[in-house]
Amino acid sequence: MCVAVPGKITEIIGSIANVDFHGNTVRVQLGLVQATVGDYVLVHAGCAIEVMKSGQAEELLTLFDELDAIMAPEKNDAN
Amino acid sequence: MQIDQVLHALKTYEGPEIRIMEVCGTHTVAIMQGGLRSLLSDRITLVSGPGCPVCVTACAYIDRCIALAMTPGVKLYSFGDMMKIKGSTKSLSEAKASGAQVSFVYSPFDVLTAAEKEPDTMHVFAAVGFETTVPIYALLLQQAAEKGLKNIQLLTAIKTILPALETILSGTENDGTEKPIHGFIAPGHVSAIIGKNAYLDLARRYHRPFTVAGFSPEHIVAAVYQLLQQINSGRADVTNLYTGVVAENGNAKAQKAMSEVFEPGDALWRGIGTITNSSLYLNRTYAAYDAGSQNLGDEPSESALCRCRDVILGNIHPIDCPLFGTACTPAHAQGACMVSGEGACGIWYRFSPKKPGKDR
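Residues numbered from 1 in each chain as written. Chains lettered and ligands numbered in written order. Predicted model: local features only at pLDDT ≥ 70, side-chain atom pairs only at ≥ 80, totals over all residues. Heavy atoms only, no water.

Engineer: How would you sum up the sheet that holds strand S5 (residues 122-129) of chain B? Please name residues and give values.
Structural biologist: To summarise the sheet geometry, strands pair through backbone hydrogen bonds and adopt either a parallel or an antiparallel arrangement. Residue and element names in this part refer to chain B. Reading across from one edge, S4-S3-S5-S6 is the order of the 4 strands in this open sheet, with parallel pairing throughout. Each edge of the open sheet carries a strand with a single partner, namely strand S4 (102-104) and strand S6 (152-158). Taken over all neighbouring pairs, the strand axes of this sheet differ in orientation by 25° on average, direction set aside. With 7 bridges joining them, S5 and S6 adopt parallel strand pairing. Bridging across to S6, Val124 finds its partner in Gln153. (Pairing = 2+ DSSP bridges. Helix = DSSP H or I, 4+ residues; strand = E, 2+ residues; numbered from the N terminus. Axes fitted to C-alpha atoms, helices over the stretch in contact; angles between N-to-C directions.)

Given below as structure tokens:
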């Protein structure tokens, strides 16, 4: 039930944003985040619950780099 | 580190047997869809956790929803996945067929629009969910208050995840047969609200690692690998792989909205019982918006053979229940875990209802 989908804000009108999901535009409540046009937001049940730091694709590219970084302290411990 | 190195390490792992819980139902779906169990050594077991809010919604709550929906002058609204869950006698879908005023909506904000259009009707939203959804209810009521709308109410059955995890970790509900959970894949979107650091206290007190992960197969594989490394080196850190979404301390604006509208209280979890301070109820300021959410009483029991409780607590896999796939199927569910699209039993049935084996 906690499914949430990332989309890009194309327009903001008051506390409502138009958010683009792969070509579909949906009206989304913005009251829980500080966001501007062009931001990617994570949308759950018609409401943006967080501003994403970057597009999801970019994040996946860096995932295994982050794994290295997280594992680094363990290597240090072992030494 | 490359993904092929990670996959090789997971498949050839020969250390002590470990059990990792994916708390969130959406993670369970991703694990089944991706066939991720087949990538793991037999010594690594993934077990589903309590993170489907529909599955842990008490029968008495559904009964209360139906009673409201049958009341003249009241319309009840719900998320779609709540419609098929049975109360003590019927589900919201069945009640609707009997004339109850029930609609399912995509967003709670649809109720705001309805309340403005129909001022003489009381519009009640069946407000279930974890921390991901709660700030949305808070925002809804703040907007209703600003607009001066008095014909919106919530019937709440909100659950908070940390007390449930503590119940699993502390074993206070144990019947002596369950096996320990060694590490947790923390729910990605609950964590977007409460933050990575919310798990630090549990990690420290119970010495268990937590990894916040997104929902792609890569995220889950990386999370399992990282937990495995931590468990075998005796560490119990909280780490975050979902950094594009989950901040150290979560979404402060959402937390503020929650704290302005809600206060903690005890909750009745279907299949588990009452867990202290595991719910949020409307506070005194917003009490007029409550449709009567307190005191759900004692849970009517499920079928005597139904093992939803053990499934929710991670003691058994769905296939270990004697009813799974025989007396209990999505069309004729005995327990709530089979009804919900994100319940562990429903997910397991959908992806492989009959074939025996590890990766089901």
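Engineer: Report on the nonpolar core, specifying residues and quantitative values.
Structural biologist: Residue and element names in this part refer to chain B. The biggest cluster of nonpolar side chains holds 119 residues, and the ones touching the most others in it are Tyr61, Phe125, Leu154, Tyr199, Phe210 and Phe262. Residues within four places of Tyr61 in sequence aside, it is in contact with Met82, Ala126, Ala127, Val128, Leu155, Thr156, Ala157 and Leu296. Formed by 23 residues, the second largest nonpolar core is a distinct cluster that contains Ile31, Leu46, Tyr225 and Leu241. (Core = buried A, V, L, I, M, F, W, Y, C linked by side-chain atoms within 4.5 Å. Buried < 20%, exposed > 50% of the residue type's maximum accessible area, 1.4 Å probe, protein only. Contact = heavy atoms within 4.5 Å.)

Engineer: Please provide a residue-by-residue account of the sheet that holds strand S9 (residues 238-240) of chain B, values included.
Structural biologist: Residues and elements named next belong to chain B. Judged by pairing direction, the sheet is parallel, and its 5 strands sit side by side in the order S2-S1-S7-S8-S9 without closing on themselves. Each having just a single partner strand, strand S2 (44-51) and S9 make up the two edges of the open sheet. Direction aside, neighbouring strands of the sheet carry axes that sit 20° apart on average. Taken together, the 6 bridges between strand S1 (residues 18-24) and S2 define a ladder with parallel strand orientation. Its bridge partner lying in S2, Ile20 is registered against Leu46. Across the face of the sheet, helix H2 (residues 25-33) comes into contact with S1, S2 and strand S7 (183-186) while running at roughly 120° to S1.

Engineer: Any chance you could break down the pairing of strand S10 (residues 262-269) of chain B for me, citing the residues and the numbers?
Structural biologist: All names here are of chain B. Pairing of S10 with strand S11 (residues 273-282) involves 7 bridges; the strand directions are antiparallel. Counted as the bridge partner of Pro264 is Leu280 from S11. The loop that links S10 with its antiparallel partner S11 comprises 3 residues; one of these, Gly271, has a positive phi angle of about 85°.

Engineer: Which residues make up the interface of chain A and chain B, and what values do they have?
Structural biologist: Facing the 34 residues of chain A at the interface are 47 residues of chain B. Of the roughly 3,600 Å² buried at the junction of chain A and chain B (both faces included), carbon and sulfur atoms supply 63%. The tally of links between chain A and chain B comes to 0 salt bridges. Linking chain A with chain B are 9 residue pairs in polar contact (both at pLDDT 80 or more). Mapped by element, the contributors of at least two residues to the side of chain A that touches chain B are strand S4 (40-44), strand S5 (47-51) and helix H1 (56-78) of chain A. Looking at which element gives the most residues to the side of chain A that touches chain B, the answer is H1 of chain A, with 13 residues. Of the residues that constitute the side of chain A that touches chain B, the class distribution is 20 nonpolar, 7 polar and 7 charged. (Buried area = accessible area lost by both parts, 1.4 Å probe. Salt bridge = Lys/Arg side-chain N within 4 Å of Asp/Glu carboxyl O. Polar contact = N/O pair within 3.5 Å; in protein donor to acceptor, adjacent residues only side chain to side chain. Nonpolar A, V, L, I, M, F, W, Y, C, P; charged D, E, K, R; others polar.)

Engineer: Could you give me a rundown of the side chain of His27 of chain B, with the residues and numbers involved?
Structural biologist: Residues and elements named next belong to chain B. Summarising the element assignment, His27 is placed in helix H2. Exposure remark for His27: the relative accessible area of 0% places this residue in the buried category. Excluding its chain neighbours within four sequence positions, the residues that come into contact with His27 are Glu22, Ile185, Ala186, Pro187, Gly188, Ala213, Gly214, Phe215 and Ile220.

Engineer: How would you explain the packing of aromatic side chains if you had to name every residue and give the values?
Structural biologist: All names here are of chain B. This model, assessed by the stated rule, comprises 8 aromatic pairs over all chains. Here Phe79 and Phe125 contribute two aromatic rings whose centre-to-centre distance is 5.2 Å and whose plane-to-plane angle is 85°, an arrangement assigned as edge-to-face. Remark: Phe125 occurs in strand S5 and Phe79 occurs in the loop between strand S3 (74-78) and helix H4 (92-97); sequence separation between them is 46 residues. With 6.1 Å between their ring centres and 55° between their planes, Phe130 and Trp269 make a pair best called tilted. Of this pair, Phe130 sits in the loop between S5 and helix H6 (134-147) while Trp269 sits in strand S10, placing them 139 residues apart in sequence. Taken individually, Phe130 and Trp269 each receive the classification buried, so the pair is uniform in this respect. Here the basic side chain of Lys159 rests over the ring of Trp269, its NZ or CZ set 5.8 Å away from the ring centre. (Phe/Tyr/Trp six-rings, centres within 6.5 Å; stacked < 30°, edge-to-face > 60°. Lys NZ or Arg CZ within 6 Å of the ring centre and 35° of its normal.)

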